[in-house]
Amino acid sequence: MSEMTLPPAAFRKGYALCSPDNALQPDTFAKSEKKAIAKHFQKPGRKKAWAEAQSAGWSVRFVYMRLFVPVFHSTSATTDAFENDDD
């Protein structure tokens, strides 16, 4: 039986917001610092809100994000298994 080779994991560079307790916010991942901030703080008042967040300990970090390649495995079930489920 031949083994299936998986493609290499993909990495991307970008920026993400980091909370005061040093937890990265993955939903804010973007190509630039400004875009990462814009994903969390909306206009109008973004600059003021970001200044307040920075004073509270928020920051923007340069990160590498790893993208996992999904692997799907097929399963087969016999008709006996379906018949036994009805009981």
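The structure this text deals with has already been given above.
Criteria and cut-off values
- In every chain, residue numbers begin from 1 and rise along the written sequence.
- Given that the model is predicted, a residue must reach a pLDDT of at least 70 before its local features are reported, and side-chain atom pairs must reach 80 or more before they are shown or counted; all residues, however, enter totals for whole chains, interfaces and linings.
- To get the side-chain values, take all heavy atoms of the structure and skip hydrogens and water.
- Exposure above 30% relative accessible area and no salt bridge define the residues that can form patches, which grow by joining like charges within 9 Å and nonpolar side chains of Val, Leu, Ile, Met, Phe, Trp and Tyr within 5 Å.
- What sets the accessible areas is the Shrake-Rupley method with a 1.4 Å probe; for residues, cover comes only from the shown protein chains.
- Think of a salt bridge as a Lys or Arg side-chain nitrogen and an Asp or Glu carboxyl oxygen that are within 4 Å of each other.
- His is not counted, nor are the chain ends, whereas Lys and Arg count as positive and Asp and Glu as negative.
- For charged residues, the charge sits on one atom: NZ in Lys, CZ in Arg, CG in Asp, CD in Glu.
- What counts as a helix is a DSSP run of H or I of at least four residues, what counts as a strand is a run of E of at least two, and both are numbered from the N terminus.
- Only centres within 6.5 Å qualify two rings of Phe, Tyr or Trp (six-membered ring in Trp) as a pair; their planes then separate them into stacked at under 30 degrees, edge-to-face at over 60, and tilted for everything else.
- Three labels apply to residues, based on accessible area from a 1.4 Å probe with only protein chains included: buried if under 20% of the type maximum, exposed if over 50%, partly exposed otherwise in between.

Examining a positive patch on the surface
Line of reasoning, step 1. Residues R12, K31, K35 and K39 make up a contiguous surface patch of positive charge.
Line of reasoning, step 2. Along the chain, the position of R12 falls in strand β1 (residues 10-18).

Considering the packing of aromatic side chains
Line of reasoning, step 1. For the structure shown, the criterion picks out 3 aromatic pairs.
Line of reasoning, step 2. A ring pair is formed by F62 and Y64, whose centres lie 5.5 Å apart and whose planes are at 80°; its orientation type is edge-to-face.
Line of reasoning, step 3. F62 sits in the partly exposed class, given a relative accessible area of 45%.
Line of reasoning, step 4. Residue classification places Y64 among the exposed positions, given a relative accessible area of 57%.

By themselves, these observations are geometric and do not establish any function.
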